[in-house]
Structure formats: C-alpha cells, structure tokens
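Next come the chains, spelled out residue by residue.
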Amino acid sequence: MGRVVVHLDSMPKDRSFATILRDYEERLSPIGISVEAHDSKKDSENYEKEISKLSGKLILLDENGKTITSLQLARWLESTQLERETTHIAIGPHNGFSERAKESADSLISLSFLTLTHEFSAILLMEQLYRASEIIRGSPYHRG
C-alpha cells in the first residue's frame, strides 16, 4: 500500500491551524497519510534540498499547477494507495518553490486559483485528502 506524506517547511505557528492540521492527520493516519514538518522556516533552500532527496514521487503545490476536483483527487488517491512507493506532497515555503524544484517534481498541482498562505494550504490539502478518502469509502461526507 502506497503511503502519502505531506511536507511542510514548518508547523504553523498559529495554534488553531496546528490543531486543525493534527486533527486531519489523526483521521488520515490509518490509511497511510501523514504530515512531516521540516524545521526550515527561515531557509527555503534547505527545505527544497531535503524534499528533493526523498525517494518516491514528488508533487509540489504551486499556484500555476494543474487544478483538480475532489473526485479527481479521490481517484488519484485510490490509485496511489495501490502503488508500492511513497508519494510526497510538498507545500511551498513563503516565497514558493524555485524553478529548479518545480522542474524536478513529478507534477505540480494547485488547490485554488486564489493565493493562499502555506498554513491555510496545508489545512485545505488535508481536508481534501480526508474528503477523497471518504469518497473512496462511500461515506456521505462528500455530497457531490
């Protein structure tokens, strides 16, 4: 079963954001989705180096990435869970990812046409991963 690891350059400083993020991580951990916070808040270059060394697929969140629906994300998650390798989804630092990091990624996705803070992006991504897992499960959580 393929795992999904969501990477953040650091944990949100705002306790409310951190609490919500931990709640979604607890909900998703039984199906192999986790969060890894790097201690790179002030050094985005170091964060990029760390995530570039990861084995498995690397997906970066980027405002110019491909936009997908919740149903498409559910289909993607289902196929990812069937694979053996780990998929890493990285949320960018404050200034976004460098062009070099974007070019080395397997794909870029966008959560919205709106510009979002990286903390809010983390929560939105985790909610959408939870929604995708509930779509796969057939629960009434997603009423699309």
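Use the structure listed above.
Quick caveat: nothing in here was measured; it's all calculated off a predicted structure. (Residues numbered from 1 in each chain as written. Predicted model: local features only at pLDDT ≥ 70, side-chain atom pairs only at ≥ 80, totals over all residues. Heavy atoms only, no water.)

### A closer look at the overall build of the protein
For the protein, the helix and strand inventory stands at five helices and five strands. Tracing the protein from N to C terminus, the helices and strands come up as β-α-β-α-β-α-β-α-β-α. In terms of C-alpha radius of gyration, the protein reaches 14 Å, essentially the compact-globule figure of 15 Å for 144 residues. Once the C-alpha set of the protein is aligned to its principal axes, its extents read approximately 40 × 35 × 30 Å. Among the 144 residues that make up the protein, the fraction classed as buried is 44%. Relative to all contacts within the protein whose residues are 6 or more apart in sequence, the contacts with residues 24 or more apart total 84%. Side chains of the protein carry 18 positive and 22 negative charges; the gap between the two charge centres is 3 Å. (Helix = DSSP H or I, 4+ residues; strand = E, 2+ residues; numbered from the N terminus. Rg over C-alpha atoms; globule rule 2.2 N^0.38 Å. Buried < 20%, exposed > 50% of the residue type's maximum accessible area, 1.4 Å probe, protein only. Contact = heavy atoms within 4.5 Å. Lys, Arg positive; Asp, Glu negative; His and termini not counted. Charge placed at Lys NZ, Arg CZ, Asp CG, Glu CD.)

### Description of the environment of Ile123
With respect to the element layout, Ile123 can be found in helix H5 (residues 118–137). Of the residues examined, Ile123 reaches a relative accessible area of 10% and is grouped as buried. Measuring from C-alpha to C-alpha, the distance between Ile123 and Asp23 comes to 9.8 Å, with 100 residues separating the pair along the chain. With residues up to four places along the chain from it excluded, the contact list for Ile123 reads Phe17, Ile20 and Leu21.

### Focus on the sheet that holds strand E3 (residues 57–67)
The strand order across the open sheet formed by five strands is E2-E1-E4-E3-E5, and the pairing between neighbours is parallel. Every interior strand has two partners, whereas the edge strands, strand E2 (33–37) and strand E5 (107–110), have only one. When strand polarity is set aside, the average angle formed by the axes of neighbouring strands in this sheet is 35°. When strand E1 (residues 4–8) meets E2, the two strands line up parallel, connected through five bridges. The partner of Val5 across the bridge, within E2, is Ser34. Helix-sheet contacts for H5 involve E1, E2, E3 and strand E4 (87–90), and the interaxial angle to E1 is about 170°. (Pairing = 2+ DSSP bridges. Axes fitted to C-alpha atoms, helices over the stretch in contact; angles between N-to-C directions.)

### With respect to the packing of helix H1 (residues 15–28) against H5
Helix-helix packing: each pair is described by the crossing angle between the helix axes and the interaxial distance. Close contact between H1 and H5 brings their axes to 10 Å; oriented N to C, the two are set at 25°. Here H5 runs roughly parallel to H1, going by the angle between their axes. Note that H1 runs across H5; the crossing there is left-handed. For the pair H1 and H5, contact is made by Phe17, Ile20, Leu21, Tyr24, Glu25, Arg27 and Leu28 and by Glu119, Phe120, Ala122, Ile123, Met126, Glu127, Leu129, Tyr130 and Ser133, respectively. (Parallel < 35°, antiparallel > 145°, perpendicular 65-115°, else oblique. Left-handed = near helix turned anticlockwise from the far one by under 90°.)

### Remarks on the pattern of salt bridges
What the rule picks out here adds up to seven salt bridges. The shortest N-O distance in the salt bridge between Lys102 and Glu99 comes to 3.4 Å. Here Lys102 pairs with Glu99, and both are found in helix H4 (residues 99–104), just three residues apart, close to one helical turn. On the basis of relative accessible area, Lys102 is assigned to the buried category, the value being 17%. Taking relative accessible area as the criterion, Glu99 reaches 52% and is therefore assigned exposed. The partner of Glu134 in a salt bridge is Arg137, with the nearest N and O atoms 2.8 Å apart. (Salt bridge = Lys/Arg side-chain N within 4 Å of Asp/Glu carboxyl O.)

Nothing here speaks to function; it is geometry throughout.
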